[in-house]
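A closer look at the structure
Each chain, written out:
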Amino acid sequence: MATSQVVTAETLVASLEDGTEIARLSVPEGSGWCVLWNHSVRGFPVSDCYENRGGQMVLVRAHLPDFAAGLDHIPGRGRQVSDGQGGYWILDINEAVAGNAYILRPGEASVDHRLRVGEQIVSLSARAPRQRVRIELTGD
């Protein structure tokens, strides 16, 4: 009788096009992480936050401190609420990321794209500015 093995995705990996890893972070089932960056024009921090839901990368919320260029809420995609400081949260996005991965091109140091898992922060901009970086939730 054949047995099947279930692979659980619990590792967030950021890698370059050639496969070189620039970050490897533990993200167990039910926990989350955020991609943080500074708005390229206004300089304030922006975040997109994800959760590991059953081994699936799911975008759950975003924080946008202002309605600056490129920042807006898309009606029907989560719900917008005030952050009490002039910005807003988009909550309950609950959007699964196809293939558990996406490509990000980190900005220069002033933009500072980074991954935050708990208190651990890894600057993708410091490790791979303006390069294609694959961010993947994997079972490796």
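First, a word on scope: everything that follows refers to the structure included in this document. The numbers attached to residues start from 1 for each chain and follow its sequence in the written order. Whole-chain, interface and lining totals are the exception, using all residues; otherwise, since this is a predicted model, local features are given only for residues with pLDDT of at least 70 and side-chain atom pairs are given and counted only at 80 or more. To obtain the side-chain values, all non-hydrogen atoms of the structure were used and water was disregarded.

Time to look at the side chain of Ser 123. Every helix listed is a DSSP run of H or I at least four residues long, and every strand listed is a run of E at least two residues long, numbered separately from the N terminus. Tracing the sequence through the fold places Ser 123 in strand β11 (residues 120-123). Only 2.6 Å separates the side chain of Ser 123 from the side chain of Asp 112, close enough to count as a polar contact. We call two residues in contact whenever any of their non-hydrogen atoms come within 4.5 Å of each other. Beyond its immediate chain neighbours, meaning those up to four positions away, Ser 123 contacts Asp 112, His 113 and Arg 114. Here a polar contact is taken to be a pair of N or O atoms separated by no more than 3.5 Å, where protein atoms must pair a possible hydrogen donor with a possible acceptor and residues adjacent in sequence count only if both atoms sit in side chains.

Quick look at the sheet that holds strand β2 (residues 21-26) now. A strand pair is defined by DSSP finding two or more bridges across the two strands. Strand order across the open sheet formed by four strands is β2-β1-β12-β9, with antiparallel pairing between neighbours. Either end of the sheet is taken by a strand with one partner, and the two such strands are β2 and β9 (101-104). The average angle at which neighbouring strand axes cross in this sheet is 15 degrees, direction not considered. Pairing geometry for strand β1 (residues 11-16) and strand β12 (residues 133-138), over six bridges, is antiparallel. Note that in β12 the partner of Leu 12 across the bridge is Leu 137. For helices, the fitted line uses only the C-alpha atoms of the stretch in contact; every axis is such a line through C-alpha atoms, and the angle between N-to-C directions lies from 0 to 180 degrees.

Another aspect to go through is the environment of Tyr 50. Checked against the element boundaries, Tyr 50 lands in strand β4 (residues 45-53). Apart from residues lying up to four places away in sequence, Tyr 50 is in contact with Ser 31, Gly 32, Trp 33, Val 35, Met 57, Val 58, Leu 59, Val 60, Val 97 and Tyr 102. At 3.3 Å, the side chain of Tyr 50 and the side chain of Tyr 102 are in polar contact.

The next subject is the pattern of salt bridges. We count a salt bridge whenever a side-chain nitrogen from Lys or Arg sits within 4 Å of a carboxyl oxygen from Asp or Glu. This structure, assessed with the given rule, holds seven salt bridges. Note that Arg 132 is salt-bridged to Glu 17, the shortest N-O span being 3.3 Å. Residue Arg 132 is found in the loop between α1 (124-127) and β12, and its partner Glu 17 is found in the loop between β1 and β2; the two are separated by 115 residues along the sequence. Overall, Arg 132 belongs to the partly exposed group, its relative accessible area being 35%. On the accessibility criterion, Glu 17 (67% relative accessible area) is exposed. A salt bridge links Asp 92 to Arg 79, with the nearest nitrogen and oxygen atoms 2.6 Å apart. Of the two residues, Asp 92 is situated in the loop between β7 (88-91) and β8 (95-96) and Arg 79 in strand β6 (residues 79-82); the sequence distance between them amounts to 13 residues. Whether a residue is buried, partly exposed or exposed follows from its accessible area with a 1.4 Å probe, protein chains only, as a fraction of its type maximum: under 20%, in between, or over 50%, in that order. For Asp 92, a relative accessible area of 41% puts it in the partly exposed group. What makes Arg 79 partly exposed here is its relative accessible area of 43%.

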